[in-house]
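Chains, contacts and geometry: an overview
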Amino acid sequence: MDPSETMPGAAGEVPPIRLVVVDDHALFRKGIGQLLSMYADIRVVAEAASGADGIEAVLTHRPDVALVDLHMKGLDGISVVRALQAAGSPTRLVMLTVSDSSFDVMEALKAGASGYLLKDMEPDEFCLKLRQVAAGGTVLSAEVGGLLAKPQPAARENIDVGWASLTAREQETLELVSKGASNKIVARSLGIAESTVKVHVKHVLQKLNLRNRFEAAVWLRELREGDRNAAV
């Protein structure tokens with residue numbers, strides 16, 4: 001079937017989805033443009049090679065959806081999303097990236113992105129996601145959707161006991177890891193070996209009965225929220 005026939009109204013009964021592509025790799029921008037030209041209900045109205053140009057393009061063209069690369073030289077994708085949200089842009093913003101990091105997903109959604117898609121998606125699935133987000137939905141690649149399954153929050157008493165069970169160095173490690181720091185960055189920040197950081201992370205996860213760094217970030221957020229509520 002011709003891709004242009006996959007949507008009712010592709011022949012002009014409904015306006016096409018207007019799209020801006022923000023990515024600092026020219027070949028990728030051109031590839032996306034060529035791919036989407038096969039679909040009559042999606043139209044690329046502008047491209048931008050940097051985060052700053054992307055902000056200008058979105059504010060100028062006011063597209064329905066903007067695809068924003070996460071890691072770009074200069075202004076990164078999350079900063080672009082934050083800037084457009086602060087400017088009151090109604091455009092639906094979707095991160096399009098190779099990163100399946102749970103921290104990147106969380107930061108993008110917290111910044112105001114309406115979707116997080118990986119660049120290795122199949123074309124038809126990708127276009128389906130664009131239609132869904134243009135219609136007001138929030139879209140995620142299947143590979144990252146499971147990362148947002150929030151564990152049930154522990155009782156406050158258990159959280160306090162868990163925090164007290166950590167050594168001072170393990171607490172410092174947890175603070176940094178929960179902000180998305182890699183083992184190398186944690187090691188540099190604390191002045192310890194990277195192998196030692198790995199041991200601290202392992203002990204933190206064991207003591208708190210957590211499975212991974214994402215759950216550790218959620219756990220620490222619960223602790224901080226409890227502290228704020230107790231102070232009110």
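Residues numbered from 1 in each chain as written. Predicted model: local features only at pLDDT ≥ 70, side-chain atom pairs only at ≥ 80, totals over all residues. Heavy atoms only, no water.

Here the structure, examined in full by the defined rule, presents 9 salt bridges. The residue Glu47 makes a salt bridge to Arg29 at a minimum N-O spacing of 3.5 Å. Here Glu47 is found in strand S2 (residues 42-48), whereas its partner Arg29 is found in helix H1 (residues 26-36), with 18 residues between them in sequence. Relative accessible area serves as the criterion here: at 11%, Arg29 is assigned to the buried category. (Salt bridge = Lys/Arg side-chain N within 4 Å of Asp/Glu carboxyl O. Helix = DSSP H or I, 4+ residues; strand = E, 2+ residues; numbered from the N terminus. Buried < 20%, exposed > 50% of the residue type's maximum accessible area, 1.4 Å probe, protein only.)

With that settled, the discussion passes to the packing of helix H9 (residues 183-190) against helix H10 (residues 194-208). Two numbers describe how H9 lies on H10: the axes approach to 8 Å, and their chain directions differ by 105°. As far as their axial angle goes, H10 and H9 are roughly perpendicular. In this structure, H9 contributes Asn183, Lys184, Val186 and Ala187 to the contact, and H10 contributes Glu194, Val197, Lys198 and Val201. For the contact of H9 with H10, a count of residues per class yields 4 nonpolar, 1 polar and 3 charged. (Axes fitted to C-alpha atoms, helices over the stretch in contact; angles between N-to-C directions. Parallel < 35°, antiparallel > 145°, perpendicular 65-115°, else oblique. Contact = heavy atoms within 4.5 Å. Nonpolar A, V, L, I, M, F, W, Y, C, P; charged D, E, K, R; others polar.)

In total, this model carries 0 aromatic pairs according to the counting rule given. Seen from the ring of Phe28, Lys119 lies directly overhead, with NZ or CZ sitting 4.1 Å from the centre. (Phe/Tyr/Trp six-rings, centres within 6.5 Å; stacked < 30°, edge-to-face > 60°. Lys NZ or Arg CZ within 6 Å of the ring centre and 35° of its normal.)

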